[in-house]
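# What the coordinates show
Below, each chain spelled out in residue letters.
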Amino acid sequence: MAHVFCVANQKGGVGKTTTSVNLAAALHQAGKRTLLVDLDPQGNATMGSGIDKRELTHSVYHLLVGLAELEAVKVESPSGSYDVLPANRDLAGAEIELVNLERREKRLREALAARDADYDFVLIDCPPSLSLLTLNGLCSAHGVIIPMQCEYFALEGLSDLVNSIKKVHANFNRDLKIIGLLRVMFDPRITLQQQVSAQLESHFGNKVFSAVVPRNIRLAEAPSHGMPGVVFDRSSRGAQAYLAFAAELIARIKTL
Ligand code: ADP
Ligand code: MG
């Protein structure tokens, strides 16, 4: 059975896509059969995996509205070698079309269930909102990975997300839990970041991953080359942090 994890945070620009893409590549390198689902109409996870979002014949949109099967949508990342269900602007339309469909929040779950045996891990890169797309992600998942920056309002934003996860758990998906919080774009020279990081640890205890992803320019450069950071420059500090994170995640799921 595949472990299905959403990478979610309702804020934009907090490192969801960077985390999704690098984790997918790192899991693949660790020998895990991995599928990355791009659930954001911006298609950044698609492009960052080296797949041109403007040239897709099928995308996650087609999967969600029932116009294509998973097999017809999936593409292998040329740089990372994991499978991708790619997305582009079309997906923004799914939001509206889904409203009128039956089991609208379970469309992704049902599509993934058909190929569950093919993967060890399915990672879902969510858009920065608590929309019907994100709801489809959360209804499909066993757990949520929350990337966050250690900034002043981070804890406040986190409680909104935790409440939404609780609601989805209560109403739609009893399997859903928070797998962990990942500190990203971390700069240890900034005192405030150290303070917020310590607060996170005292609040959430072992839900906070030990791996910490530093602010690292190589991670930001990698997408313009269509590569995950762990492929683009494996020895960079950012890549090493994501490799450590993947190892930690593999160890953590054994204890779930
Ligand atoms: P989200 O998917 O939450 O909107 P992204 O992963 O796209 O966030 O990250 C936002 C921006 O920050 C991108 O330009 C990305 O390249 C950059 N970025 C993400 N993580 C890091 C990091 N650890 N160090 C430096 N830049 C990063
Ligand atoms: Mg993103």
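This text goes with the structure placed above it.
Bear in mind that the values here come from a model prediction, so they are computed numbers and not experimental data.

Neighbouring ligand 1 are 14 residues; Gly13, Lys16, Thr17, Thr18 and Asn216 lie closest to it. Here an oxygen atom of ligand 1 and a side-chain polar atom of Lys16 are 2.8 Å apart. A distance of 2.6 Å is found between an oxygen atom of ligand 1 and a side-chain nitrogen or oxygen belonging to Thr18. Protein chains bury 78% of the 560 Å² of accessible surface belonging to ligand 1 in isolation. Of all elements in the fold, only helix H1 (16-29), strand S8 (208-214) and helix H10 (217-221) reach the threshold of two or more residues within the shell around ligand 1. Here the shell around ligand 1 gets three residues from one element, more than from any other, and that element is H1. In the shell around ligand 1, the residues fall into six nonpolar, six polar and two charged.

The next point concerns the side chain of Ser131. Along the chain, Ser131 turns up in the loop between strand S5 (121-125) and helix H7 (132-140). Taking relative accessible area as the criterion, Ser131 reaches 17% and is therefore assigned buried. Reaching out from Ser131, the side chain makes a polar contact with the side chain of Ser129 at a distance of 3.1 Å.

Conventions adopted
Residues numbered from 1 in each chain as written. Chains lettered and ligands numbered in written order. Predicted model: local features only at pLDDT ≥ 70, side-chain atom pairs only at ≥ 80, totals over all residues. Heavy atoms only, no water. Near = heavy atom within 4 Å. Polar contact = N/O pair within 3.5 Å; in protein donor to acceptor, adjacent residues only side chain to side chain. Areas by Shrake-Rupley, 256 points an atom, 1.4 Å probe, with all protein chains shown as cover. Helix = DSSP H or I, 4+ residues; strand = E, 2+ residues; numbered from the N terminus. Nonpolar A, V, L, I, M, F, W, Y, C, P; charged D, E, K, R; others polar. Buried < 20%, exposed > 50% of the residue type's maximum accessible area, 1.4 Å probe, protein only.

All we've got here are geometric facts, nothing functional implied.
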